[in-house]
Amino acid sequence: MTAEPDHQLLRDSALRWVAASAPSLDGPGRWRAMAGLGWLAITLPEADGGLGQGLAEACVLAEALGTGPIVEPFGPVVLQAAALVARRGAAGQRARWLPAIAEGRQRLVPAVIEPGGHWRARTLRTRAHLDGADWLVSGTKRVVPGGDAADGWLVVAGLGDDGAAPVGFLVPRGTPGVVVTPYATVDGAGACALELQQVRLGAGTRLADLSWDDLDQAADRALVAACAESVGAMDTLLRATVDWLRTRVQFGRPLAANQALRHRVADLSVACEESRSLTLAAVAALEIADRAADPVARALAASGARAKVGLQARRAAEEAIQLHGGMGVTEEMRVGVYLKRQLALDAMYGPPEWHLRRHAQLRQRQDVAAVARGEPAAAAAVPGAVR
Amino acid sequence: MSLALTDADRGFRDEVRAFLQEHLTPDLVRASRLGTSVFSEPDIAGRWQRALHGRGWVAPAWPVAFGGTGWTLVQRWIFETECARAGAPSLSPLGLRMVGPVLMRFGTPEQQRRYLPPMLAGDDRWCQGYSEPGSGSDLASLATRARRVREADGTESYRVDGTKLWTTHAHHANRMFALVRTDPDAPRRHDGISFVLIDMTEPGISVRPIRSLSGDHEVNQVFFDDVRVPLHDRVGDEGQGWAIARYLLEFERGGAIAGGRLRAVLGSLRAVAVRDGALDDPDLALAFSVAEIDVDAFEATELRVTASLEAGRNPGPVVSSLLKLRWSELEQTISRLGVRLLGPDALAWEQERPLYGHPATVPLDDARRPLVGQYLNARAYTIFGGTSEIQREIIARVLLG
């Protein structure tokens, strides 16, 4: 076992940028600046113009983004769409998209979630049929985070009439038949809905061999980055709340003198530390699971982390508002923006309750498999931090 | 943070596993798993301590010079985790993890020579004289009095009068470390406290058993009536007791490596649940997931602390309170799962303790017999060693002043 490698330089510069430079920039300016800092290239392969770093480094950035919060679509673009192109894209597709994404010139986001669907749906109403050498794609995508300002969408459809297998297309903005309805999101960012009506796509837009597991892997990595982002948010909320309680005077003494409030701050701090630990463990567990090609271990670690961290982050934001009193519910005080961001993350990646259920179902599947192998159920791997 | 074990770590783990395979007998495991109280019973813990002593593995955290193992923190973590997984009894921390480190830090060479070897061998059994009837969370208000007197033989000693409460295993102990008031007139009450070692076989000591709601007899009230304590059994200076007590409390709260045990206990419960098909109840399945994720988070926190200590860094002032707080809450969460798992069988009550020493009087197997007792006993975890409220206050003081 080795100690936490020092991401201190990366961490410090990221936090400094979020605190000092980002606030004066508009959305496109922030995206350009993030590209300039190399953040959009961080996990892309070096051969594709990336920096070849891992999830750990991406999570350092995500944590810094959480302190802002900076709500630009780092996860959807970098950890999902670009990662999927890097994994499954043909040479031409990689050359077309990846350097442009890394340099911040183009944004590609996944378009998966449909009306009435959920985050990891295995049947999609959007369908793709071969028509000669081309594909015809029809369907509706309703929740496309970052889709409003995207230059392209990674549209995932079901293949053929039964739709059991996924098929992915890199659809540039302006493709005939694609109707884009942009909308604002609760966290101050943007998203869009997509309506595809018999959209004709050339074979060159299709990502070959895209599997459900590819999509899950990318989503699980983005989920862990969302945990890291939430840790950054909780840290900030804790500091803001501590400052407020120390300075706000009522009944002739600082609020910090009241034990009922002191203990709630202590609980916030505990939640913060535990969330940080669990996120770090999930990063390590995902790396190990990917090396071992163990999708169940990966999913358990990611969903397990989000089940707890997401819940703690939402509670922390609610508590911070309560402890700030009347000022907490104002836009001016800015504690509320972290709650809105948690709502957005829950909508984008699934709420903690949903991930807890996924965790429980996967564990039961492990139990069944262990019993079938004649092993005691408990020997089935709990997704521990250490293997 | 990379939490994957190195090859050397894996080799060490295999060595520990081989030792456990050879020395941890099934009856020890059974007795340990049937335990309902905080510490394993002295006969069980004693047998296991002698086995470990034979290998030099009793005190992983001690420096080699005092008979420790010289292990890295990571090796200690592996050792504790493997022992927990195998179901080994827990050794009493009162000597090894509490007064032991105090003697190494504050004791004279003579005290170290006299007390540390029998502590390692398990020949001395220690208890802790801290709380009193009027002094719980407000420990510094303690009133047990130690007066300096000139004995008939011309030597100087203390004479101790008063009473100590919640004294775990006082009825098994031949030694006590205690906080006593040597100067009732000190301007600051903390400065009037000294740390002394008391021979439990001295005349004037009586031990009254207290049976806890879990049916266990583990705690006691101890009375002192003019009990002689030689001056050389005071640790540190007169009036330094409070500083020593705080040093000790950090070990009591943060010195354990507990994640492995939590995971092992939860794993055993899950095995029972799967065997019974109890996890077909989706609520129970969710509750197990919540507990498992909580254990993941706790273990990851312990590992972060371990890794940061390894690199020579300070884990921060909040950590020992945080670990005590979450560990105790998790013990309670898991033991509550055990009761849920029993369903209607939670009605049955074993009256005799220890369970391994008595045949079952209720229609439950060994996996189920201790669960209600364990749940009830775990109520004490958020109270002893500083209540959860005190831990929260310690954390809040760091943050809020």
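Predicted, not measured: the structure shown is a model, and the values here were computed from it.

**Regarding the overall build of chain B**
Alright, step 1. A tally of regular secondary structure across chain B gives 12 helices and eight strands.
Alright, step 2. Its C-alpha atoms put chain B at 70 × 50 × 50 Å along the principal axes.
Alright, step 3. A burial count over chain B gives 57% of its 401 residues as buried.
Alright, step 4. Within chain B, counting contacts between residues at least 6 apart in sequence, those at least 24 apart form 74% of the total.
Alright, step 5. Carbon and sulfur atoms provide 52% of the accessible area of chain B, an area that totals close to 16700 Å².
Alright, step 6. Taking the average location of the 47 positive side-chain charges in chain B and that of its 52 negative ones, the two points are 2 Å from each other.

**Some points on helix α12 (residues 388–400) of chain B**
An α-helical turn contains 3.6 residues, so a residue and the one three or four places further along point in the same direction.
All names here are of chain B.
Alright, step 1. Compared with the 18 Å implied by 1.5 Å per residue over 13 residues, the 18 Å span of α12 between its first and last C-alpha is a close match.
Alright, step 2. Residues of α12 that are buried include every one of S388, Q391, R392, E393, I395, A396, L399 and L400, and no others.
Alright, step 3. Looking at the residues trailing α12, positive phi occurs at G401, about 85 degrees.

**Brief notes about the nonpolar core**
Alright, step 1. Within the largest apolar cluster, 88 residues are counted, with the highest numbers of intra-cluster contacts made by M34, W39, F74, W153, F169, L194 and V224 of chain A.
Alright, step 2. The biggest single contributor to this core is helix α6 (residues 212–247) of chain A, with 11 residues.

**Section: the pattern of salt bridges**
Alright, step 1. Under the criterion given, the structure shown has 63 salt bridges over all chains.
Alright, step 2. The salt bridge partner of R85 of chain B is E82 of chain B, with a shortest N-O separation of 3.9 Å. Of the two residues, R85 of chain B and E82 of chain B are both situated in helix α4 (residues 73–86); the distance of three residues between them amounts to about one turn of the helix.
Alright, step 3. Residue classification places R85 of chain B among the exposed residues on the basis of a relative accessible area of 51%.
Alright, step 4. Given a relative accessible area of 5%, E82 of chain B falls into the buried group.
Alright, step 5. Among the ionic contacts, a cluster of salt bridges with common partners joins R120, R122, D213, D216, D220, R298 and R358 of chain A.

**Examining the state of the cysteines**
All names here are of chain A.
Alright, step 1. Inspection of the entire model under this criterion finds zero disulfides over all chains.
Alright, step 2. Take C59: it sits in no disulfide, and the sulfur closest to it among the cysteines is that of C227, at 8.1 Å.
Alright, step 3. Here C59 falls in the buried class, since its relative accessible area comes to 6%.
Alright, step 4. The thiol of C272 is unpaired, and the distance to the nearest cysteine sulfur, on C227, comes to 13 Å.
Alright, step 5. Its relative accessible area of 3% is what places C272 among the buried residues.

**As for the pairing of strand β3 (residues 156–164) of chain B**
Looking along a regular strand, one sees side chains alternate from face to face of the sheet.
Residues and elements named next belong to chain B.
Alright, step 1. Pairing of strand β2 (residues 145–150) with β3, which is carried by six bridges, proceeds in the antiparallel orientation. Bridge assignment links R150 to a residue of β3, and that residue is E156.
Alright, step 2. The turn linking β2 back onto β3 is made up of five residues, and G154 within it adopts a positive phi angle of 90 degrees.
Alright, step 3. Note that β3 and strand β7 (residues 217–230) share seven bridges and pair antiparallel. Opposite R159, over in β7, you have R228 as the bridge partner.

**What to know about helix α10 (residues 352–372) of chain A**
Residue and element names in this part refer to chain A.
Alright, step 1. When the terminal C-alpha atoms of α10 are compared, their 30 Å separation across 21 residues agrees well with the 30 Å that a helix rising 1.5 Å per residue should span.
Alright, step 2. Along α10, the residues classified as buried are P352, W354, H355, L356, R358, H359, A360, L362, R363, Q366, D367 and A370.
Alright, step 3. Following α10 by one or two positions, G374 has its phi on the positive side, about 80 degrees.

**Thoughts on the environment of P363 of chain B**
Alright, step 1. Secondary-structure assignment places P363 of chain B in the loop between α10 (319–342) and α11 (371–377).
Alright, step 2. Through-space distance from the C-alpha of P363 of chain B to that of A297 of chain B is 36 Å; in sequence the pair is 66 residues apart.

**As for the side chain of D346 of chain A**
Alright, step 1. Relative to the assigned elements, D346 of chain A resides in helix α9 (residues 336–349).
Alright, step 2. We classify D346 of chain A as buried; its relative accessible area is 7%.

**What about the confidence of the model for chain B?**
Alright, step 1. When pLDDT is averaged along chain B, the result is 92; 95% of the residues meet or exceed 70.
Alright, step 2. Under the prediction, the complex receives an ipTM of 0.94, its pTM being 0.94.

Rules behind the numbers
- Residues numbered from 1 in each chain as written.
- Chains lettered and ligands numbered in written order.
- Predicted model: local features only at pLDDT ≥ 70, side-chain atom pairs only at ≥ 80, totals over all residues.
- Heavy atoms only, no water.
- Helix = DSSP H or I, 4+ residues; strand = E, 2+ residues; numbered from the N terminus.
- Buried < 20%, exposed > 50% of the residue type's maximum accessible area, 1.4 Å probe, protein only.
- Contact = heavy atoms within 4.5 Å.
- Areas by Shrake-Rupley, 256 points an atom, 1.4 Å probe, with all protein chains shown as cover.
- Lys, Arg positive; Asp, Glu negative; His and termini not counted.
- Charge placed at Lys NZ, Arg CZ, Asp CG, Glu CD.
- Expected span 1.5 Å × (residues − 1).
- Core = buried A, V, L, I, M, F, W, Y, C linked by side-chain atoms within 4.5 Å.
- Salt bridge = Lys/Arg side-chain N within 4 Å of Asp/Glu carboxyl O.
- Disulfide = S-S within 2.5 Å.
- Pairing = 2+ DSSP bridges.
- pLDDT = per-residue confidence, 0-100.

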